[in-house]
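Architecture and fold: a report
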Amino acid sequence: MNTVQAKPVVAEVAVPASNPAVAGPELEVAGTTGALPKAMTVTGFTGAFSGKTIIEDISLELAEGSITAIVGPSGCGKSTFLRSLNRMNDRIPGWKCNGSVRFYDQDVYGQGVDLLSLRRRVGMVFQRPNPFPMSIEENVACGIKAHRLVPRSEVRRRVQDRLEEVGLWKAVHDRLHDSPFRLSGGQQQLLCLARSLAVSPDVLLLDEPTSSLDPISTEAVEQLLKELVPDITIVIVTHNLAQARRVADRVAFFMDGRLVETGTVQQIFEDPRRIETGQYVSGRIG
Amino acid sequence: MTTVFAPELEKAPGSNGSPGRPFHMLSLRVARLWGACADRAVPWVTGVFAVVPIAVLVAITVVLFHEALPAIRINGIGFLTRSRWDVGSGYGIPIKVHGVEMAPHTSYGAWPLILGTLESSALALVIAVPISVGAAIIVVEKLPPRLSRWAGICLEVLVGIPSVIYGLWGILTLGPFLSKHLAGIADHVPDVPVLRFFRGPTYGAEGLLVSGVVLGIMIIPIIASTSRDLIRQVPSSAKEGARALGMTDFEVVRKVIWPWTRSGIVGASVLGLGRALGETMAVAMTSGAVLGTTAHSIFSHMNTIAATIVSQLDSAFADGTGFEVKVLAELGLVLIVITLLCNFGAKLLLKRFGASAIAPAAMGN
Amino acid sequence: MTLVAATPHEKGVNRARTAGDTIMWLVCGLALAALVLPIIWIIGQVIARAIPHFRWSFLTQPTIGNGGGLSQAVLGTLVLMAMVGVIAGVTGVGAGIYLAEYARRRSAILLRGATEVLAGVPSIIVGYVGFTALAIGLKWKFSIWAAAIALTAIVIPYIAKTTELALRGVPGSFREGAEALGMRDILILRRISLRAASSGIITGLIMALAISVGETAPLLYTAFWSVHNPTFGLHNSPVGYLTYPIWTFYNYPVKSATYLATESAFFLVILVGALIIASRLVSRRLSRYMPLGQG
């Protein structure tokens with residue numbers, strides 16, 4: 001199966017929500033995940049820092065256009081796992097991994113993988129907003145410019161589109177040349193989201209994106225995530241179970257570096273198969 | 001009278017024998033008294049030490065002004081623009097102008113020295129800044145910790161090498177090397193404005209170019225270490241964000257590291273400039289030490305204010321009237337004003353960076 | 001065809017971008033080489049010029065006219081270094097402690113500003129003032145004290161600054177922990193802050209000594225030069241030191257004189273090298289209890 005050609009590389013044209021299975025309510029997605037194309041497939045993935053194993057033997061499938069929440073106690077390797085999906089750990093000294101991560105039909109850790117393109121298509125948003133030291137407009141534009149996604153003349157319009165998409169345009173349209181550090185924390189995080197979206201990723205990895213935000217900004221981000229599917233496949237690491245319940249289609253529960261259980265939101269929260277999962281979601285551990 | 005919260009003092013001795021209790025009540029009292037005195041005394045004593053730099057600074061300023069005043073009165077503002085440097089006839093009968101004694105036919109002009117100081121320092125910056133910034137980037141972003149520690153040692157060595165040794169290297173090794181290898185090129189530079197400055201005979205081992213290169217190497221550690229520290233301060237979250245967007249290292253440097261550090265790097269460069277302006281021995285050995293003319297090419301002999309003071313001070317003694325010594329003080333004042341302006345500018349730039357308009361939130365938490 | 005560089009357009013773009021990357025690292029690498037190379041070149045030529053003519057008598061004989069050995073100069077440099085270490089060390093560290101721990105806002109700005117301004121004063125100015133004020137004004141003529149004071153004026157700002165920075169670098173949690181134990185200020189300063197900062201302070205002190213050893217301009221007209229061993233007289237007792245022969249003898253037309261210059265350079269390089277190595281060793285030893293990544 002070659003899903004590559006199906007996906008427009010330069011997503012100038014919005015990806016149509018043509019997949020009928022995704023259009024339905026959550027339950028349907030959960031019930032039919034086997035039939036959906038997999039945006040990412042992880043098999044037997046193990047990662048270690050300087051010999052200390054952080055995550056072990058993880059196997060997980062991310063259905064195209066779904067939102068997967070990764071939950072678990074702190075220090076269980078959630079973030080490490082997320083960061084290994086677009087090889088953000090590569091630079092950390094002492095990092096070793098094996099197993100396979102596939103993006104559609106492509107081995108992410110394979111020979112000759114273009115890291116730049118990989119990261120354009122598998123984007124990441126971090127725990128703390130990390131705007132660049134340049135104007136608000138430049139922040140969104142710099143990724144587009146770096147990847148030469150659109151002609152220079154259209155960059156501006158695209159910046160506006162993305163800022164509108166994340167709901168920031170109204171707040172910043174009259175101060176696009178201001179420092180991003182004058183924005184509130186929530187606005188900064190939305191800006192970082194807009195920056196990631198501007199390079200038209202297929203998958204977006206979010207590492208506790210709302211943990212440093214106030215409740216109102218959190219709601220804005222969550223709302224946005226729901227609007228982004230099914231165009232984009234989303235993985236969100238969160239320590240906030242209520243958030244996982246609100247936004248996710250599927251939940252993966254990590255503990256001590258292992259993937260304990262994965263299932264639909266309903267199943268994990270109401271009918272967990274494993275004892276640890278039940279203890280965690282009811283607040284007895286973690 | 002302050003009450004000391006010390007319950008064990010009020011208790012009868014021996015009431016309970018807890019092991020943490022001091023053995024001897026008297027020694028505890030003495031210790032407390034001593035401690036209380038020391039608490040008061042230390043700020044005073046260290047405060048006196050902290051005033052020393054101010055005292056030294058005031059002393060320097062007063063002495064320099066006092067010495068220079070007669071020279072300022074006589075040379076006037078023209079001192080800064082005149083070129084001729086003539087110590088006059090030492091054997092003639094001293095004349096008196098405005099009550100100041102001096103040798104006849106003297107003329108002192110600082111312009112060539114001011115220009116030489118600025119030219120050599122500018123050349124030093126042109127050489128030092130790219131090297132320092134490039135090295136700082138690779139040290140922070142690419143080298144493993146062990147190698148970057150070695151780079152740090154290199155910077156310490158550059159600081160530690162005495163300036164006379166830089167001078168010795170400049171005059172005995174670098175000068176001959178440059179004049180040998182550049183002579184061919186220098187002859188063929190076209191004789192047109194601007195480029196003309198790079199044309200001409202290379203005059204052996206001394207001159208503006210050698211001084212500039214030596215100065216450049218000497219100020220590298222200042223600029224490089226400051227740049228390195230600034231680049232280290234760039235939050236890794238911003239760099240990671242850029243990499244997660246699929247940016248190359250070059251783009252990370254251009255889009256994140258450079259905007260984050262540029263005003264600081266400019267400040268560091270100006271700090272280095274301040275050092276180059278005041279550097280004495282290395283320039284005195286490599287400049288060719290001419291007085292009274294400005295450099296007409298990059299290979300010309302030249303001189304700077306600091307080098308002139310050090311090389312002329314002993315011959316200035318020979319001036320029985322003592323006037324030349326006073327002229328050198330005036331030169332010193334000019335130099336101090338230039339360097340201080342420079343350092344002040346650097347401070348402003350680095351401060352603006354530290355308090356930074358650009359990233360208060362990200363730096364803070 | 002690799003999926004993650006799907007279109008030819010994207011492939012081409014990425015190739016160009018990666019090329020830019022390579023060029024940047026190449027340029028940066030060259031810059032680093034341009035930084036390291038002169039060090040090797042300078043030290044190499046100092047050694048190469050000194051070794052062929054090296055005799056142990058350079059260390060045992062004093063200078064005679066423009067020949068002989070350098071024993072009195074080596075001794076003079078070491079004595080001067082020790083004096084600066086004590087005078088500037090005490091003053092500078094004291095000033096640093098005050099700036100870091102006690103100075104109030106306004107006085108701190110003034111004192112810190114003065115320290116920084118003094119750091120920017122060219123050393124020849126200090127030499128000139130030392131000469132006119134101490135040697136002429138106070139009629140000391142030339143003496144080791146004038147030289148030590150001039151050198152002190154030059155390195156105090158450096159020592160004060162490194163001390164202040166080292167103390168400021170001590171994590172506030174250390175202090176708080178000690179305060180919570182009921183330790184008094186002086187004890188916290190001595191047992192906690194100074195100990196935690198000791199690595200930085202000592203390193204700064206040793207580097208200041210290395211700088212003072214290499215100074216020439218402030219010494220020429222305060223210590224002058226002597227072929228006799230240093231004496232501690234205040235009046236009319238000039239001192240020999242290692243930088244003088246380099247400046248004075250390097251272009252003498254007499255072989256024995258140029259040897260003095262090159263051997264002085266050799267000794268200076270060894271001395272400065274030893275100081276740098278010492279500072280590294282000391283700082284490693286002193287920071288062994290510090291959390292990783294500090295000190």
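Residues numbered from 1 in each chain as written. Chains lettered and ligands numbered in written order. Predicted model: local features only at pLDDT ≥ 70, side-chain atom pairs only at ≥ 80, totals over all residues. Heavy atoms only, no water.

**Let's talk about the overall build of chain A**
Inclusion rule: Helix numbering and strand numbering both begin at the N terminus, where a helix is a DSSP run of H or I of at least 4 residues and a strand a DSSP run of E of at least 2. Residue burial is assigned from relative accessible area. The probe radius is 1.4 Å, only protein chains are included, and a residue is buried under 20% of its type maximum, exposed over 50%, and partly exposed in between. Contact definition: two residues touch when any of their heavy atoms are within 4.5 Å.
The secondary structure content of chain A amounts to twelve helices and ten strands. Residues classed as buried in chain A amount to 58% of the 286 residues present. Contacts spanning at least 24 positions in sequence make up 67% of the contacts within chain A whose residues lie at least 6 apart.

**Brief notes about the interface of chain B and chain C**
Heads up, the rule is: Salt bridge, as used here, is a side-chain nitrogen of Lys or Arg placed within 4 Å of a carboxyl oxygen of Asp or Glu. Each polar contact in these results corresponds to two N or O atoms within 3.5 Å; when the atoms are within protein, one needs to be able to donate a hydrogen and the other to accept it, and residues that are neighboring in sequence are counted only if both atoms are side-chain atoms.
The partner chain C presents 72 residues to the 86 residues of chain B that form the contact. For the pair chain B and chain C, the number of links is three salt bridges. Of the charged contacts in the structure, one is a salt bridge between B:Glu156 and C:Arg280, with a shortest N-O distance of 3.0 Å. At the junction of chain B with chain C, the criterion picks out 13 residue pairs in polar contact (both at pLDDT 80 or more). The leading source of residues in the side of chain B that touches chain C is helix H2 (residues 25-75) of chain B, at 21 residues.

**Thoughts on the confidence of the model for chain C**
Counted only if it meets this: For every residue, the predictor assigns a confidence score, pLDDT, that lies between 0 and 100.
Per-residue confidence for chain C gives a mean pLDDT of 89, with 96% of residues at or over 70. Here helix H7 (residues 172-180) of chain C stands out as the least confident element of chain C, with mean pLDDT 76; helix H3 (residues 71-102) of chain C is the most confident, with 95.

**Some details on the pairing of strand E2 (residues 52-63) of chain A**
Moving residue by residue along a regular strand, the side chains alternate between the two faces of the sheet. Residues and elements named next belong to chain A. This is how it is decided: Being paired, for any two strands, means DSSP has found at least two bridges between them.
Alignment of strand E1 (residues 38-49) against E2, held across eight bridges, turns out to be antiparallel. In the strand pairing of E2, Phe49 is matched with Lys52. As consecutive antiparallel partners, E1 and E2 are separated by two residues, and within that stretch Ser50 has a phi angle of approximately 45°, a positive value.

**Regarding unusual backbone geometry**
Residues and elements named next belong to chain A. The peptide bond linking Val229 to Pro230 adopts the cis configuration, its omega dihedral lying at 5°. The phi torsion at Asp256 lies on the positive side, around 50°, for a residue other than glycine. Structurally, the position occupied by Asp256 is in the loop between strand E9 (250-255) and strand E10 (258-264).

**Considerations on the packing of helix H5 (residues 163-188) of chain B against helix H6 (residues 208-233) of chain B**
Residues and elements named next belong to chain B. This is how it is decided: In this description, a line fitted to the C-alpha atoms serves as the axis of each element, helices being fitted only across the stretch in contact, and the angle between N-to-C directions of two axes falls anywhere from 0 to 180 degrees. Note on terminology: angles under 35 degrees are roughly parallel, angles over 145 are roughly antiparallel, angles of 65 to 115 are roughly perpendicular, and the others are oblique. Here a crossing is called left-handed whenever its near helix is offset anticlockwise from the far helix by less than a right angle, and right-handed whenever the offset is clockwise. Three categories are distinguished: nonpolar for Ala, Val, Leu, Ile, Met, Phe, Trp, Tyr, Cys and Pro, charged for Asp, Glu, Lys and Arg, and polar for the others, with Gly belonging to the last.
Between H5 and H6, the shortest axis-to-axis distance is 9 Å and the interhelical angle comes to 130°. It follows that H5 is oblique to H6 by the angle criterion. Considering only the axes of H5 and H6, their crossing is right-handed. Residues Ser163, Tyr166, Trp169, Gly170, Leu174, Gly175, Leu178 and Leu182 of H5 form the contact with H6, whose own contacting residues are Leu209, Val210, Val213, Val214, Ile217 and Met218. Grouping the amino acids of the contact of H5 with H6 by side-chain chemistry returns eleven nonpolar, three polar and no charged.

**Some points on helix H6 (residues 152-165) of chain A**
All names here are of chain A. Where we set the bar: An expected span of 1.5 Å times one less than the residue number is assigned to each helix.
Relative to the 20 Å expected for 14 residues at 1.5 Å per residue, H6 spans 20 Å between its end C-alpha atoms, a close match to the ideal helical length. Looking at the packing, one finds that the buried side of H6 touches helix H5 (136-146), helix H7 (169-172) and helix H8 (185-197). A positive phi of about 75° marks Gly167, the residue just after H6.

**Observations regarding the pattern of salt bridges**
Pairs can form between side chains of opposite charge once their charged atoms are near each other. The full count for this structure, using the stated rule, is 29 salt bridges over all chains. Across the pair A:Glu270 and A:Arg245 runs a salt bridge, and its minimum N-O distance is 3.0 Å. With A:Glu270 in helix H11 (residues 265-270) and A:Arg245 in helix H10 (residues 241-247), the pair connects residues that are 25 residues apart, well separated along the chain. B:Lys347 is paired through a salt bridge with C:Glu116; the nearest N and O atoms lie 3.3 Å apart. Here B:Lys347, found in helix H11 (residues 323-354), pairs with C:Glu116, found in helix H4 (residues 105-120), and the two come from separate chains. With relative accessibility at 41%, the residue B:Lys347 sits in the partly exposed group. Its relative accessible area of 26% is what places C:Glu116 among the partly exposed residues. Overlapping salt bridges bring together A:Arg91, B:Glu141, B:Lys142, B:Lys239, B:Arg243 and B:Asp249 as one network.

**A closer look at the packing of H3(C) against helix H8 (residues 185-214) of chain C**
Residues and elements named next belong to chain C. Relative orientation of the contacting elements H3 and H8 amounts to 140°, with a least axis distance of 9 Å. By the angle between their axes, H3 is oblique relative to H8. The way H3 lies across H8 gives a crossing that is right-handed. Side by side, H3 and H8 meet where Thr77, Met81, Val84, Gly85, Gly89, Val93, Ile97, Glu101 and Tyr102 of the first sit next to Leu189, Ser193, Leu194, Ile201, Leu205, Leu209, Ser212 and Val213 of the second. Taken together, the residues of the contact of H3 with H8 break down into eleven nonpolar, five polar and one charged.

**Regarding the confidence of the model for chain A**
The share of residues in chain A with pLDDT of 70 or more is 87%, and the mean pLDDT across the chain is 84. Note that residues 1-33 of chain A has pLDDT below 50 and, in this model, 48 contacts with residues that lie over four places away or in other chains.

**Quick look at the side chain of B:Thr248**
As for its position among the elements, B:Thr248 is in the loop between helix H7 (236-244) and helix H8 (249-278). Of the residues examined, B:Thr248 reaches a relative accessible area of 3% and is grouped as buried. If we ignore the near neighbours within four places in the chain, the residues touching B:Thr248 are A:Leu116, C:Arg17 and C:Asp21.

**With respect to the environment of B:Trp111**
Residue and element names in this part refer to chain B. Topologically, Trp111 is positioned in helix H3 (residues 111-141). Between the alpha carbons of Trp111 and Leu208 there is a distance of 16 Å; along the sequence they are 97 residues apart. For Trp111, the contacting residues outside a window of four places in its chain are Phe79, Leu80, Thr81, Arg82, Ser83 and Thr294.

**Re the packing of aromatic side chains**
How we decide: Aromatic rings from Phe, Tyr and Trp, taking only the six-membered ring of Trp, are treated as a pair when their centres fall within 6.5 Å; an angle between ring planes under 30 degrees marks them as stacked, one over 60 as edge-to-face, and anything in between as tilted.
Taken as a whole and judged by the stated rule, the model has 23 aromatic pairs over all chains. Aromatic pair B:Phe177 and C:Trp41: ring centres 5.2 Å apart, planes at 80°, arrangement edge-to-face. Highlighted residues: B:Phe177 in helix H5 and C:Trp41 in helix H1 (residues 8-50), drawn from two different chains. By relative accessible area, which is 38% here, B:Phe177 ends up partly exposed. Each ring, one from C:Phe131 and one from C:Tyr221, has its centre 5.7 Å from the other, and the planes form 55°; the classification is tilted. Here the residue C:Phe131 occupies a position in helix H5 (residues 123-137), and C:Tyr221 occupies one in the loop between helix H9 (217-220) and helix H10 (243-249), the gap between them amounting to 90 residues. Here C:Phe131 matches C:Tyr221 in class, with each residue buried.

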